[in-house]
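# Observations on the three-dimensional arrangement
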Amino acid sequence: MTSGSLLTRRRLLQGGLGLAAAGVAGTSLTACGSGSSGTPSGWTEVTFSSVGDPTTQKMFKDMIAAAQKESLDEHKIKVVWKPAPGDDWASVMLQFASGTAADLQRIDDDRVYDLATNGKILQLDKMMQDASTGFDLTKYSPTFTTKVAVEGYQFSITPGMSANALYYNKKLFADAGLTAPTSWADAWSWDEFDAAVKKLTKKNGSRTETYGLQYAVNTIQPTAYGAGDTALYNNQTECGYGKPETLDAIDKQISYIREGYAPTIDVEYLPLFNAGKLAMTWQAMDISAQISKNVDWDVMPWPKTPLFAMTKNYARTWVIPKTAKDPQAAFLAMKALCGKAASDVMAKAQFAVPALTEVAKSAAFTDHPRPKAATVWAEALGNVAGKPVDVPFPRGPIGTALADSFVEGTNANNLVSGKLATADYLKRGRDAVNAEIKKRGWNGDKGKELLAKGGALTDPDLKVAAK
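Residues numbered from 1 in each chain as written. Predicted model: local features only at pLDDT ≥ 70, side-chain atom pairs only at ≥ 80, totals over all residues. Heavy atoms only, no water.

The chain appears in an unreviewed UniProt entry as Extracellular solute-binding protein from Kribbella pittospori. Its UniProt record gives the chain a comment under Sequence similarities (unreviewed entry), which states: "Belongs to the bacterial solute-binding protein 1 family." Listed in UniProt under the heading Subcellular location (unreviewed entry), the comment for the chain reads: "Cell envelope". (UniProt positions renumbered as here; feature names shortened; annotations may be inferred.)

Take a look at the structure:
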């Protein structure tokens, strides 16, 4: 999911999707002659496409150039950049519907599940485990094979994730005598965080002049998981978020809005932060370039709520459509674009935390004027005390129902605008999800049934994530 999570999520391709014939791992590379793209004769051409502003598109071109030099030239594979025809994922989905998607396609991670179950993208487990051309997964973050897995199977690659963390104004912290934690392992307790929010808030009567905190509604997920809860119970047959500790934690968070320590969700956070009127804001990495140069800022972890400090990251995800001209060449291109040279480019652009651990720890990612605590971003892809920092949120139709019920729409908006009691929000959300579970007769085995029905599983007995 991209940032701006209150927007209604676009409905994915549902039903009636024909399957396009495609090869799988082991397909021989298809040579093509030199054409308008400049692909040399005897080389294999792989098209790569994504949405993105001019800065992002330049980064992708630089990643391609780095990957070509590092390994693709040796394989005689030429990656050709094709910017998506529109500026959002709807244009990309139209390409999938018409069978015109690029050989290697960046896609919104929330759409991978439906693309997989509708038989539009390749299962990658076999290629990823190939002894000669697959991935050495020990070199990648734990989330590399789990973040966007579809019922444990690999239908996509996530070379990096935009980590969500708290941006904070260092001057306001210094004025309040506060020192921010620089690691998820040292995240503030709920009580320490509560005291800081209230200390950083400046009020004039009933009017708040400087807010201590601003957050998006999808922080409800890490807050609930941090209280020791999960989104689904009993083999996905019942909605979670039912523990008393979850109600207490979420209500404590929402109290900041009710009591004027945080603005309501309709207030624009960036002008407040840039004006020095907001001490902390929970955001993804892509806001860095929008922060005023006059603001001295850094990043810190979300607090323990109260057991664990967790977050909800945004995956930068690539897939290989079944219409790819040469799936094996597309996979090698995908692998190269997850390699060190291309990951260095991503790290320097601060587009995402590279999944390649050595780069996430390298100067390419950490040696920037801001943030000084870049390790807070990098750690968000890993584990702290054996527990993932990133919330392992469910995907598929029930994952969509959870998001619709708890993150988007009237229920969520009424909560974060202070119009709805937390207990009512949780009850309404749970009732809606349970109704969807009942309607679908859902359980933990249904996802694999959908994959089988859609003809998605070319290798049903192979799971990278099980290794």
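This part is about the overall build of the chain. In terms of helices and strands, the chain carries 18 helices and 15 strands. The C-alpha radius of gyration computed for the chain amounts to 22 Å, which stays within 12% of the reference 23 Å derived for 467 residues, consistent with globular compactness. Once the C-alpha set of the chain is aligned to its principal axes, its extents read approximately 75 × 50 × 40 Å. By the burial criterion, 57% of the 467 residues in the chain qualify as buried. Taking the intrachain contacts of the chain between residues at least 6 apart in sequence as the baseline, contacts between residues at least 24 apart amount to 76%. Total accessible area on the chain stands at roughly 18,900 Å², and carbon and sulfur atoms take up 50% of it. Averaging the positions of the 52 positive and the 49 negative side-chain charges in the chain gives two centres separated by 2 Å. (Helix = DSSP H or I, 4+ residues; strand = E, 2+ residues; numbered from the N terminus. Rg over C-alpha atoms; globule rule 2.2 N^0.38 Å. Buried < 20%, exposed > 50% of the residue type's maximum accessible area, 1.4 Å probe, protein only. Contact = heavy atoms within 4.5 Å. Areas by Shrake-Rupley, 256 points an atom, 1.4 Å probe, with all protein chains shown as cover. Lys, Arg positive; Asp, Glu negative; His and termini not counted. Charge placed at Lys NZ, Arg CZ, Asp CG, Glu CD.)

On the basis of which strands lie adjacent, the open sheet formed by three strands has the order β10-β5-β11 and antiparallel pairing. The outermost strands of the open sheet, each flanked by one partner alone, are β10 (280-283) and β11 (297-300). Taken pair by pair, the neighbouring strands of this sheet meet at an average axis angle of 30 degrees, ignoring direction. One ladder, built from four bridges, connects strand β5 (residues 165-169) with β10; its direction is antiparallel. In the sheet register, Y167 faces β10, and the bridge partner there is T281. (Pairing = 2+ DSSP bridges. Axes fitted to C-alpha atoms, helices over the stretch in contact; angles between N-to-C directions.)

F155, F193 and M280 are the most contacted members of the largest nonpolar core, which totals 150 residues. Counting contributing residues, this core receives three or more from each of domain 1 (44-162 + 314-382 + 446-454) and domain 2 (164-313 + 387-443). Not counting the four nearest positions on each side in its chain, F193 is found in contact with L166, W188, L213, Y256, M280, W302 and P303. (Core = buried A, V, L, I, M, F, W, Y, C linked by side-chain atoms within 4.5 Å. Domains from an automatic or database assignment.)

Turning to the domain arrangement of the chain, a few remarks are in order. You'll often see interface size given as the accessible area lost when the parts meet. Taken domain by domain, the chain holds domain 1 (44-162 + 314-382 + 446-454) and domain 2 (164-313 + 387-443). Using only C-alpha atoms to locate each centre, domain 1 and domain 2 end up separated by 28 Å. Each partner contributes to the interface: domain 1 provides 32 residues, whereas domain 2 provides 34 residues. Here domain 1 packs against domain 2, burying approximately 2,500 Å² in sum over the two surfaces, 53% of which is carbon and sulfur. Salt-bridge contacts for D390 lead to K147; the nearest nitrogen and oxygen are separated by 2.8 Å. For the pair domain 1 and domain 2, the number of links is 16 residue pairs in polar contact (both at pLDDT 80 or more). Counting only elements with at least two residues in the side of domain 1 that touches domain 2, the list comes to β4 (157-162), β12 (314-319), α14 (374-379) and α18 (446-453). Here the element with the most residues in the side of domain 1 that touches domain 2 is α14; it accounts for four residues. In the side of domain 1 that touches domain 2, the residues fall into 17 nonpolar, six polar and nine charged. (Buried area = accessible area lost by both parts, 1.4 Å probe. Salt bridge = Lys/Arg side-chain N within 4 Å of Asp/Glu carboxyl O. Polar contact = N/O pair within 3.5 Å; in protein donor to acceptor, adjacent residues only side chain to side chain. Nonpolar A, V, L, I, M, F, W, Y, C, P; charged D, E, K, R; others polar.)

Attention now goes to helix α16 (residues 409-416). Those residues of α16 not exposed but buried are N411, A412, L415 and V416. One side of α16 carries all its buried residues, which in axial view fall inside an arc of 115 degrees. Its buried side turned inward, α16 meets α7 (220-226), α8 (244-258), α15 (396-406) and α17 (422-440). Once α16 ends, the next one or two residues include G418, with phi positive near 80 degrees. (Arc of directions from axis to C-beta.)

What follows is about α8. Its 15 residues give α8 an end-to-end C-alpha distance of 20 Å, which sits within 8% of 21 Å, the value for a rise of 1.5 Å per residue. Buried positions along α8 lie against α6 (190-200), α7, α16 and α17. A positive backbone phi angle near 85 degrees is found at G260, which sits one or two residues after α8. (Expected span 1.5 Å × (residues − 1).)

Bringing the layout of surface pockets into the picture now. Roughly 320 Å³ of internal volume is contained in the second largest pocket. Taken together, 16 residues make up the lining of the second largest pocket; nearest its centre are E70, Y140, K335, G339 and K340. Put simply, the parts of the chain that give the lining of the second largest pocket at least two residues each are α1 (54-75) and α10 (327-336). The element best represented in the lining of the second largest pocket is α1, accounting for four residues. Among the residues forming the lining of the second largest pocket, the class breakdown is six nonpolar, four polar and six charged. (1 Å grid on protein atoms, 1.4 Å probe; cavity = no way out; pocket = protein on both sides within 12 Å on 5 of 7 lines; lining within 4 Å. Points joined across faces, edges and corners; volume = space filled by probe spheres on them.)

Another aspect to go through is the packing of aromatic side chains. The final tally for this structure, using the stated rule, is 22 aromatic pairs. Geometrically, the ring pair formed by Y167 and W297 is tilted, given 5.1 Å between the ring centres and 35 degrees between the ring planes. Taken as a pair, Y167 in strand β5 and W297 in strand β11 lie far apart in primary sequence, 130 residues in all. The buried category is assigned to Y167, whose relative accessible area is 0%. Judged by its relative accessible area of 5%, W297 falls in the buried class. Here the basic side chain of K203 rests over the ring of Y261, its NZ or CZ set 4.1 Å away from the ring centre. (Phe/Tyr/Trp six-rings, centres within 6.5 Å; stacked < 30°, edge-to-face > 60°. Lys NZ or Arg CZ within 6 Å of the ring centre and 35° of its normal.)

Throughout the structure, instances matching the rule amount to 16 salt bridges. The salt bridge involving K58 is made with D62; its shortest N-O contact spans 2.8 Å. Residue K58 and its partner D62 are located together in helix α1, separated by four residues, close to a single helical turn. Of the charged contacts, one joins K446 and E449 as a salt bridge, the two residues approaching to 3.7 Å between their closest N and O atoms. Taken as a pair, K446 and E449 lie in helix α18 at a separation of three residues, close to a single helical turn.

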